[in-house]
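Here is how the chains run, residue by residue.
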Amino acid sequence: MAAAKPDSNFSPEIVALYCRQCLDAEERPQEGARPAKGFNARLVMLPCSGKVEAYQMLRILEQGADGVLLVGCPENACRFLVGSRRAEKRLTHAGQLLDLVNMGAGRLALKRAADLTTADILALAGQLAERVKTLGPNPMKGDSL
Amino acid sequence: MIVAEWKPIPELLASLKGHKNVLLVGCATCVAECAAGGEREVLTLAPVLKMGLKDQGQEVNIITRTLERQCEPEFVEELAEIAPQVDAIMSLACGIGMQLVAERFIDLPLYPGVNTTSLAIREQPGLWTARCAACGDCMLGETFGLCPVARCAKSLMNGPCGGTRKDGKCEVDENTECIWRLIVERAEAKGRLEDLVKVRPSKNWSNSGHGGPKRMLREDLR
Amino acid sequence: MKTPVQTKLQQAIAAGRFALTLEIGPPQSPNPEPLRKKAEIIKGLADGYNVTDNQTAVVRMSSIAASKIILEMGLEPVMQMVCRDRNRIAMQSDLLGASALGLKNVLALSGDHQKASAAGKLKGHPGAKNVYDIDSIQLIATIKGLRDEAKQEGGDAIAEPAPFFIGAAWTPLGTPRNFRVLRLAKKIAAGADFIQTQAVYDVPAFAAQVAKARDMGLTDKAAILAGIIVPRSAGMLSYMDRQVPGVEVPAELIARMKQAKDAKAEGIKVTVELIQAVRAIPGVKGVHLQAIEAEELLPEIVKAAGLSPQDR
Ligand code: SF4
Ligand code: SF4
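Calculation rules
- Residues numbered from 1 in each chain as written.
- Chains lettered and ligands numbered in written order.
- Predicted model: local features only at pLDDT ≥ 70, side-chain atom pairs only at ≥ 80, totals over all residues.
- Heavy atoms only, no water.
- Helix = DSSP H or I, 4+ residues; strand = E, 2+ residues; numbered from the N terminus.
- Rg over C-alpha atoms; globule rule 2.2 N^0.38 Å.
- Buried < 20%, exposed > 50% of the residue type's maximum accessible area, 1.4 Å probe, protein only.
- Arc of directions from axis to C-beta.
- Contact = heavy atoms within 4.5 Å.
- Polar contact = N/O pair within 3.5 Å; in protein donor to acceptor, adjacent residues only side chain to side chain.
- Nonpolar A, V, L, I, M, F, W, Y, C, P; charged D, E, K, R; others polar.
- Buried area = accessible area lost by both parts, 1.4 Å probe.
- Salt bridge = Lys/Arg side-chain N within 4 Å of Asp/Glu carboxyl O.
- Near = heavy atom within 4 Å.
- Phe/Tyr/Trp six-rings, centres within 6.5 Å; stacked < 30°, edge-to-face > 60°.
- Axes fitted to C-alpha atoms, helices over the stretch in contact; angles between N-to-C directions.
- Parallel < 35°, antiparallel > 145°, perpendicular 65-115°, else oblique.
- Left-handed = near helix turned anticlockwise from the far one by under 90°.
- 1 Å grid on protein atoms, 1.4 Å probe; cavity = no way out; pocket = protein on both sides within 12 Å on 5 of 7 lines; lining within 4 Å.
- Points joined across faces, edges and corners; volume = space filled by probe spheres on them.
- Pairing = 2+ DSSP bridges.
- Core = buried A, V, L, I, M, F, W, Y, C linked by side-chain atoms within 4.5 Å.

A. Spatial organisation of the overall build of chain A. In terms of helices and strands, chain A carries 3 helices and 5 strands. Listing the helices and strands of chain A from first to last along the sequence gives β-β-β-α-β-α-β-α. Computed over C-alpha atoms, the radius of gyration of chain A comes to 15 Å, within 12% of the 15 Å expected from 2.2 N^0.38 for 145 residues, which places it in the range of a compact globule. Its C-alpha atoms give chain A principal-axis dimensions of roughly 50 × 30 × 25 Å.

B. View of helix H9 (residues 234-243) of chain C. Residues and elements named next belong to chain C. For H9, the full list of buried residues reads Ala-234, Met-236, Leu-237 and Met-240. Along H9, the residues classed as buried sweep out an arc of 165° about the axis, all on the same side. Elements in contact with the buried residues of H9: strand E7 (223-229) and helix H10 (251-259).

C. Inspection of the interface of chain B and chain C at higher detail. The interface is formed by 29 residues belonging to chain B together with 34 residues belonging to chain C. Taken together, the links from chain B to chain C amount to 24 residue pairs in polar contact (both at pLDDT 80 or more). When grouped by side-chain class, the residues that make up the side of chain B that touches chain C number 13 nonpolar, 7 polar and 9 charged.

D. Fine view of the interface of chain A and chain B. The interface of chain A with chain B comprises 19 residues on the first partner and 14 residues on the second. Of the roughly 1,500 Å² buried between chain A and chain B on both sides combined, carbon and sulfur atoms contribute 68%. Our count for the contact surface shared by chain A and chain B stands at 2 salt bridges. Its salt-bridge partner being Glu-62 of chain A, residue Lys-50 of chain B comes within 3.3 Å of it at the nearest N-O pair. On inspection of chain A and its partner chain B, the count reaches 3 residue pairs in polar contact (both at pLDDT 80 or more). For the side of chain A that touches chain B, the secondary structure elements donating two or more residues are helix H1 (54-62) and helix H2 (83-100) of chain A.

E. Spotlight on the site of ligand 2. Taken together, the neighbourhood of ligand 2 is formed by Cys-152, Ala-153, Lys-154, Leu-156, Pro-160, Cys-161, Thr-164, Cys-170, Glu-171, Cys-178 and Ile-179 of chain B. When the residues that make up the shell around ligand 2 are grouped by side-chain class, the tally is 8 nonpolar, 1 polar and 2 charged.

F. Summary view of the packing of aromatic side chains. Residue and element names in this part refer to chain C. Here the structure, examined in full by the defined rule, presents 1 aromatic pair over all chains. Ring plane angle 20° and centroid distance 5.1 Å describe the contact between Phe-165 and Phe-194, whose orientation is recorded as stacked. Taken as a pair, Phe-165 in strand E5 (residues 165-170) and Phe-194 in strand E6 (residues 194-199) lie far apart in primary sequence, 29 residues in all.

G. Highlighting the packing of helix H2 (residues 33-42) of chain C against helix H3 (residues 63-72) of chain C. All names here are of chain C. Between H2 and H3, the shortest axis-to-axis distance is 10 Å and the interhelical angle comes to 50°. In this view, H2 runs oblique relative to H3, as classed from their interaxial angle. Crossing angle aside, the handedness with which H2 passes H3 is right-handed. Here Leu-35, Arg-36 and Ala-39 of H2 lie close against H3, whose contacting residues are Ala-66, Ile-69 and Ile-70.

H. Inspection of the site of ligand 1 at higher detail. Near ligand 1, the surroundings consist of Cys-132, Ala-133, Ala-134, Cys-135, Cys-138, Met-139, Leu-140, Cys-147 and Val-149 of chain B. Classifying every residue of the shell around ligand 1 gives 9 nonpolar, no polar and no charged.

I. Region of the structure containing empty space enclosed by the protein. All names here are of chain B. What the rule picks out here adds up to 1 cavity of 30 Å³ or more. The computed volume of the largest cavity comes to approximately 100 Å³. Taken together, 16 residues make up the lining of the largest cavity; nearest its centre are Cys-152, Ala-153, Cys-161, Cys-170 and Cys-178. Split by residue class, the lining of the largest cavity holds 9 nonpolar, 3 polar and 4 charged.

J. Inspection of the side chain of Arg-84 of chain C at higher detail. Residues and elements named next belong to chain C. Locating Arg-84 in the fold gives a position in the loop between strand E3 (77-82) and helix H4 (88-100). Owing to a relative accessible area of 3%, Arg-84 belongs among the buried residues under this scheme. A distance of 2.7 Å separates polar atoms of two side chains, one belonging to Arg-84 and the other to Asp-85. Those residues in contact with Arg-84, other than ones at most four positions away along the chain, are Asp-53, Asn-54, Ala-57, Ser-110, Gly-111, Asp-112, His-113, Gln-114, Asn-130, Val-131 and Tyr-132.

K. Local environment of the environment of Leu-61 of chain A. Take Leu-61 of chain A: it is sitting in helix H1. Along the sequence, Leu-61 of chain A and Leu-97 of chain A sit 36 residues apart, while their C-alpha atoms lie 12 Å from each other. Setting aside residues no more than four positions away along its own chain, Leu-61 of chain A makes contact with Asp-66, Gly-67, Val-68, Leu-98, Met-103, Arg-107, Leu-108, Asn-138 and Met-140 of chain A together with Met-51 of chain B.

L. Region of interest: the pattern of salt bridges. Following the criterion strictly, the structure yields 35 salt bridges over all chains and no others. Note that Arg-112 of chain A is salt-bridged to Glu-88 of chain A, the shortest N-O span being 2.4 Å. Placement of Arg-112 of chain A in strand E5 (residues 108-112) and of Glu-88 of chain A in helix H2 is noted, with a sequence separation of 24 residues between them. The class of Arg-112 of chain A is partly exposed, set by a relative accessible area of 28%. The closest approach of N and O atoms between Arg-88 of chain C and Asp-133 of chain C, which form a salt bridge, is 2.7 Å. Separated by 45 residues along the polypeptide, Arg-88 of chain C in helix H4 and Asp-133 of chain C in the loop between strand E4 (105-109) and helix H5 (136-148) bring together distant segments of the chain. The class of Arg-88 of chain C is buried, set by a relative accessible area of 14%.

M. View of the sheet that holds strand E1 (residues 13-19) of chain A. All names here are of chain A. Sheet architecture is open: 5 strands sit in the order E2-E3-E1-E4-E5, paired in mixed fashion. Two strands bound the open sheet, and with one partner strand each, they are strand E2 (32-36) and E5. Between one strand and the next, the sheet's axes are offset by a mean angle of 25°, whatever the strand orientation. As paired elements, E1 and strand E3 (residues 39-46) share 7 bridges and run parallel to each other.

N. Quick peek at the environment of Leu-97 of chain A. Tracing the chain through its elements places Leu-97 of chain A in helix H2. Accessibility expressed as a relative area gives 5% for Leu-97 of chain A, which makes it buried. Taking the C-alpha atoms as reference points, Leu-97 of chain A and Leu-58 of chain A, separated by 39 residues in sequence, lie 8.8 Å from one another. If we skip the residues at most four places from it in the chain, Leu-97 of chain A touches Leu-58 of chain A together with Trp-6, Ile-9, Thr-44 and Val-48 of chain B.

O. Spatial organisation of the nonpolar core. Grouped together as the largest cluster of nonpolar side chains are 104 residues, with contacts concentrated most on Tyr-201 and Leu-289 of chain C. The element that contributes the greatest number of residues to this core is helix H6 (residues 177-190) of chain C, accounting for 7 residues. Setting aside residues up to four positions removed in sequence, Leu-289 of chain C forms contacts with Leu-20, Thr-21, Leu-22, Glu-23, Ile-228, Val-230, Thr-271, Ile-275, Leu-298, Ile-301 and Val-302 of chain C. Val-52 and Leu-91 of chain A together with Ile-9 and Leu-12 of chain B belong to the second-largest nonpolar core, a separate cluster that totals 51 residues.

P. Broad picture of the sheet that holds strand E1 (residues 2-6) of chain B. Residues and elements named next belong to chain B. An order of E1-E6-E7 is seen for the 3 strands of this open sheet, with the pairing classed as antiparallel. In this open sheet, the two strands that pair with only one neighbour each are E1 and strand E7 (127-132). The mean inter-strand angle of the sheet, taken between neighbouring strand axes irrespective of direction, is 70°. As paired strands, strand E6 (residues 114-124) and E7 are joined by 5 bridges and run antiparallel to one another.

Given below as structure tokens:
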């Protein structure tokens with residue numbers, strides 16, 4: 001049986017978890033919903049990307065978000081040294097689990113960057129939104145915990 | 001600690017087929033230490049199971065709990081309140097904890113979420129290796145504190161087999177040390193290689209599971 | 001008390017003749033014909049024929065049955081017995097049965113782990129539960145008890161002693177090297193009468209280990225038969241050098257095989273030289289010769305090495 005082509009005509013919801021250390025010194029931290037062109041973003045600020053647990057990313061997807069973006073510091077610039085590397089391992093682990101349940105690891109993305117503005121973060125979220133469109137809407141959508 | 005690991009996700013999903021309300025229960029002791037059944041793993045597995053079952057067209061509600069110790073009746077009792085709300089329990093505790101839960105909530109099906117594999121140590125972050133096989137006849141005193149029962153693939157008692165790899169690893173796994181090589185090296189370092197020359201007679205296995213299920217009775221404590 | 005044992009192998013050793021053993025692997029089949037065919041090729045050459053016990057943990061005709069089949073053809077078997085698959089009850093029972101069938105040479109081994117069964121193209125039985133109730137040294141002691149004390153491992157008597165000529169394996173160049181002679185000593189102390197070694201290519205290194213054994217008086221207590229595996233190509237030798245535990249192959253030997261125009265003929269020449277070299281080591285009482293998947297070469301090699309029965 002040929003798999004039905006995923007519906008790419010939707011506006012993905014992307015939750016962006018970003019490390020506060022990645023922000024430009026001048027930038028005021030922003031949180032909450034941010035409608036953008038072709039997708040919706042929700043920004044969540046973290047003290048360090050290394051604090052993110054696999055279950056937090058999984059739970060966000062279980063609750064219906066279409067993608068989770070994790071923004072951490074460049075590998076060598078992490079203030080907590082191994083924070084962003086640890087984040088990457090957890091994201092990989094969560095991705096493997098997502099593959100096992102046909103959700104697709106592609107719904108998770110890690111970006112490393114420094115001196116970001118809110119607009120930069122939204123642009124990164126937009127890249128993930130494009131990728132997520134090929135996976136279709138999250139089948140969990142509409143479910144509530 | 002007692003070491004366990006998640007069963008394969010497809011196996012877990014298959015076992016929950018047809019259930020609507022499932023209690024996923026972890027244990028904050030050994031299985032938390034080995035990252036298989038502590039609170040973090042309970043919270044990780046719950047959404048995975050929900051998504052996996054949804055993918056198979058099944059809606060399920062998963063209630064999560066993590067007990068201090070699943071092998072103590074007092075702690076298991078904490079589940080009494082939620083048990084009436086669920087139609088199945090999946091436990092991430094070792095086989096001991098699971099059995100206590102199964103016995104306490106006899107009307108509910110109990111599904112193992114993990115395979116209990118060994119008595120092991122966390123050797124490095126993310127690496128657990130066996131140390132003891134509960135053989136009931138400890139011979140660590142003869143082997144310089146290194147257990148050949150649990151750590152030799154053949155439980156040899158008189159020295160290394162002919163299969164020790166050139167780099168000193170075990171014939172069976174290129175990543176596992178031949179424990180007999182380590183025993184010999186430790187004996188040598190202490191200048192006591194001679195201690196290993198005496199033939200070690202056959203072992204008495206009857207004080208382990210081979211003698212029938214173990215039952216330890218202490219009259220002074222009853 | 002020592003129960004007298006008479007086997008052709010034991011007699012050859014006792015008479016001071018240079019002993020020769022060969023190997024024969026039972027088929028993965030209930031049909032004895034392939035076994036008989038192999039036996040026919042090598043019949044009459046050696047003092048004993050090792051019959052493997054589910055080698056590499058692959059299921060084959062039992063070594064007891066196969067031993068009996070070749071015994072009926074006039075080949076004297078060395079029945080191998082591994083500790084992987086049977087506990088001390090089954091092993092002793094099989095030993096009594098083997099004795100009743102006229103099998104008298106037995107070689108006690110730890111055995112390859114069941115994981116090895118899935119190493120090649122076969123599925124094998126990597127999910128099998130192994131036994132390892134007793135280890136190879138404890139098995140040697142158990143067989144000795146059946147023979148010299150007519151006593152089972154647990155202490156009960158058997159009605160009469162079971163006369164076995166007891167063999168053990170030795171990996172002289174195994175890791176950790178300086179324990180290997182002590183492990184040999186343990187096997188001999190437990191009751192081994194003869195020893196078959198892992199394949200020897202590095203003769204000086206082997207000779208050094210044998211010299212240590214000799215200094216400990218071990219070569220007077222048990223007969224060491226040096227293992228020789230006929231080399232077939234430089235590739236095979238360098239594989240063994242890299243991958244096979246306890247086998248060391250000198251670089252010159254690999255180079256020599258590489259340069260040879262006719263690898264088969266060169267392999268035979270090397271084999272003959274190796275046999276002569278180990279024969280010159282004091283304390284070596286024979287060879288255990290193998291031509292893996294090329295048994296048909298054995299008659300020629302045995303002759304060329306001067307090991308034909310009339311020459312020994
Ligand atoms: S000898 Fe037995 S009791 Fe002692 S550590 Fe090993 S398995 Fe455990
Ligand atoms: S290589 Fe060492 S640890 Fe492995 S089975 Fe042999 S003796 Fe045991």
